[in-house]
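Given next are the chains, with one letter for each unit.
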Amino acid sequence: MYIPYKKNKGYKVPLIFEFGSLNLKVGYAGMVQPDIVKPSDYLIDQDGQMKFLEFNSTSQQVGYEIKAANDLDSIQMHMDHCLTTLRQEKGFPCFIIEDRPLNRNKFIEILFDEIEVSSVFFHKSALLAQYLIGRETILVVDCGANQTTVTPIVDGSIIEKGVVRGDVGGEYINSKLYDLWKPQNLQFSRYQNYAELHPSVQRWGDMEVIREARHQMFKFFDQPIQNLKFNPAVDNQVFELPDQTKLEISVESYTYPEIIFEQSENFEGLDRAIELSLEKIDPDYRKELIQNIIMIGGVSLTTNMIERMQRTLKSNRAKIQNFPKNFDLQYASWIGASIISSSAVFEQWTITKADYEEHGAALIEKKMFY
């Protein structure tokens, strides 16, 4: 935990929001993990009535379908719901982590005029990871839910020409497992009213449990995958589904994690993505970048991932930096935001209500870290 810098008697602790493609993370500056982690997707019916999803639910309301929160209206509803949950009064400093393109000016108008924050600050997600290890030149490898991104940061700035993205992440692997396992006619979801639900809600419930199975049972082989000698009679594993039936997991527990390294129509493969990123960088910086690789995102938590990456890099100079043990890598960007929003300089970076009223929302372009 970090003790937020207190400038005056009326100081209020900043509240940090990260709108990921899978999860919404919300919590206060100074903490090592968010107070709220909830699904970014939500439920909506034919009349436009919205309901929020929760993890580990045993039922869902009939007549609703799943929708992704990829517009400002749904993001605002999520924020209002979280503020109510936290019993947060108006007039608080707000830190927004940018994980995706948004209409920033419109968002600022919503924050000041409707949510009524006292100040706001936007920060790019990839840059925040540098604060966890205290280095300004790093190569951030973010293996997230729906995308894998390699981001070179030199002297505290993102080198945009070196950013490489691919639409392969944890949820892509989960969808492949869904295709593999669903024909077995097993009940994956916890929903007791499964048969009455919209197909999109059924699949969301199935994917939630498949995600848990992958996190618990899957890992990278500790040698090159071609050396794997898998004996199903001995090496198969069993995962208990919510209805207590058994899912038998075979060689896919080793082979499916490898998808992140394989070339596909959506991605060059992680090893090639790193090479492409470095090729676009000034040669003077490549050595320092390859020696300061940090891995974040949910997929990076897969057992033996760091060792698998080290083999992939094929260089004695390459080094993957370790984070402090109390940091959860799936919250790396959020923790970075928690660190800097607790600092003495944070208030100097924000746009205040007075700034907004005098200069408008466009001022954010001059006060945002890229």
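As the structure is a computational prediction, the values presented were derived from the model and not from experiment.

**Some remarks on the packing of aromatic side chains**
Then, number 1: The tally for this structure, following the rule as stated, stands at 14 aromatic pairs.
Then, number 2: Each residue in the set F17, F19, F107 and F122 is aromatic and connected to the rest through ring pairs, giving one cluster.
Then, number 3: When the ring centre of Y178 is taken as reference, the NZ or CZ atom of R203 above it lies at 4.1 Å.
Then, number 4: The residue whose ring lies beneath R308 is F261, and the NZ or CZ to ring-centre distance is 3.9 Å.

**Quick word on the pairing of strand 10 (residues 148-154)**
Then, number 1: Most of strand 10 sits out of view: seven of its seven residues are buried.
Then, number 2: Of the two faces of strand 10, both are covered, the one formed by T148, V150, P152 and V154 as well as the one formed by T149, T151 and I153.
Then, number 3: Count of turn residues in the strand 9 (residues 138-143)/strand 10 antiparallel hairpin: four residues.
Then, number 4: Relative to strand 12 (residues 164-166), strand 10 runs antiparallel, the two sharing three bridges. Bridge pairing links T148 to G166 in strand 12.

**Comments concerning the packing of helix 9 (residues 270-279) against helix 11 (residues 305-313)**
Then, number 1: The interhelical angle for the contact between helix 9 and helix 11, taken along N-to-C directions, is 55°, at an axis separation of 10 Å. Classified by the angle between their axes, helix 9 and helix 11 sit oblique to one another. Regarding helix 9 and helix 11, the two cross each other, and that crossing is right-handed. Across from L270, D271 and I274 in helix 9, the residues of helix 11 making contact are M305, M309, T312 and L313.
Then, number 2: Residue classes in the contact of helix 9 with helix 11 are distributed as five nonpolar, one polar and one charged.

**Regarding the pattern of salt bridges**
Then, number 1: Per the counting criterion, the structure on display carries ten salt bridges.
Then, number 2: A salt bridge links E212 to R190, with the shortest nitrogen-to-oxygen separation between them at 2.8 Å. Linking E212 in helix 6 (residues 199-217) with R190 in the loop between helix 5 (170-181) and helix 6, this pair joins segments that are 22 residues apart in sequence.
Then, number 3: Shared partners join several salt bridges into a network, and the residues in it are E98, R104 and K124.

**Some words on the sheet that holds strand 5 (residues 50-52)**
Then, number 1: Reading across from one edge, 5-4-6 is the order of the three strands in this open sheet, with antiparallel pairing throughout. In this open sheet, the two strands that pair with only one neighbour each are strand 5 and strand 6 (64-67). Neighbour-to-neighbour, the strand axes of the sheet open up by a mean angle of 35°, direction not taken into account.
Then, number 2: Along the sheet, helix 1 (residues 72-86) makes contact with strand 4 (42-45) and strand 5, crossing strand 5 at roughly 50°.
Then, number 3: On top of the sheet, helix 6 reaches strand 4 and strand 6; it is set at about 60° to strand 6, its chief contact.

**Structural notes on the sheet that holds strand 7 (residues 93-98)**
In any sheet, the strands associate via hydrogen bonds between backbone groups, in a parallel or an antiparallel arrangement.
Then, number 1: Reading across the sheet, the six strands line up as 3-2-1-7-8-16 and stay open at both edges, with mixed pairing between neighbours. In the strand order of this sheet, the two ends are held by strand 3 (36-39) and strand 16 (351-352), each with one partner.
Then, number 2: Two strands pair when backbone bridges link them, and strand 2 (residues 23-28) and strand 3 are joined in this way by four bridges, in the antiparallel orientation. By the bridge assignment, N23 is partnered in strand 3 with P39.
Then, number 3: The sheet strands contacting helix 2 (residues 104-115) are strand 1 (15-19), strand 7, strand 8 (119-124) and strand 16, and the helix crosses strand 8 at an angle near 150°.

**Some points on helix 11**
Then, number 1: Of the residues making up helix 11, those classed as buried are M305, R308, M309, T312 and L313. Projected down its long axis, helix 11 carries its buried residues within an arc of 135°, all on one side.
Then, number 2: Here the buried face of helix 11 lies against strand 9, helix 9, helix 10 (283-290) and strand 15 (293-296).
Then, number 3: Looking one or two places after helix 11, you find K314, whose phi comes out positive at around 55°.

Criteria and cut-off values
Residues numbered from 1 in each chain as written. Predicted model: local features only at pLDDT ≥ 70, side-chain atom pairs only at ≥ 80, totals over all residues. Heavy atoms only, no water. Phe/Tyr/Trp six-rings, centres within 6.5 Å; stacked < 30°, edge-to-face > 60°. Lys NZ or Arg CZ within 6 Å of the ring centre and 35° of its normal. Buried < 20%, exposed > 50% of the residue type's maximum accessible area, 1.4 Å probe, protein only. Helix = DSSP H or I, 4+ residues; strand = E, 2+ residues; numbered from the N terminus. Pairing = 2+ DSSP bridges. Axes fitted to C-alpha atoms, helices over the stretch in contact; angles between N-to-C directions. Parallel < 35°, antiparallel > 145°, perpendicular 65-115°, else oblique. Left-handed = near helix turned anticlockwise from the far one by under 90°. Contact = heavy atoms within 4.5 Å. Nonpolar A, V, L, I, M, F, W, Y, C, P; charged D, E, K, R; others polar. Salt bridge = Lys/Arg side-chain N within 4 Å of Asp/Glu carboxyl O. Arc of directions from axis to C-beta.

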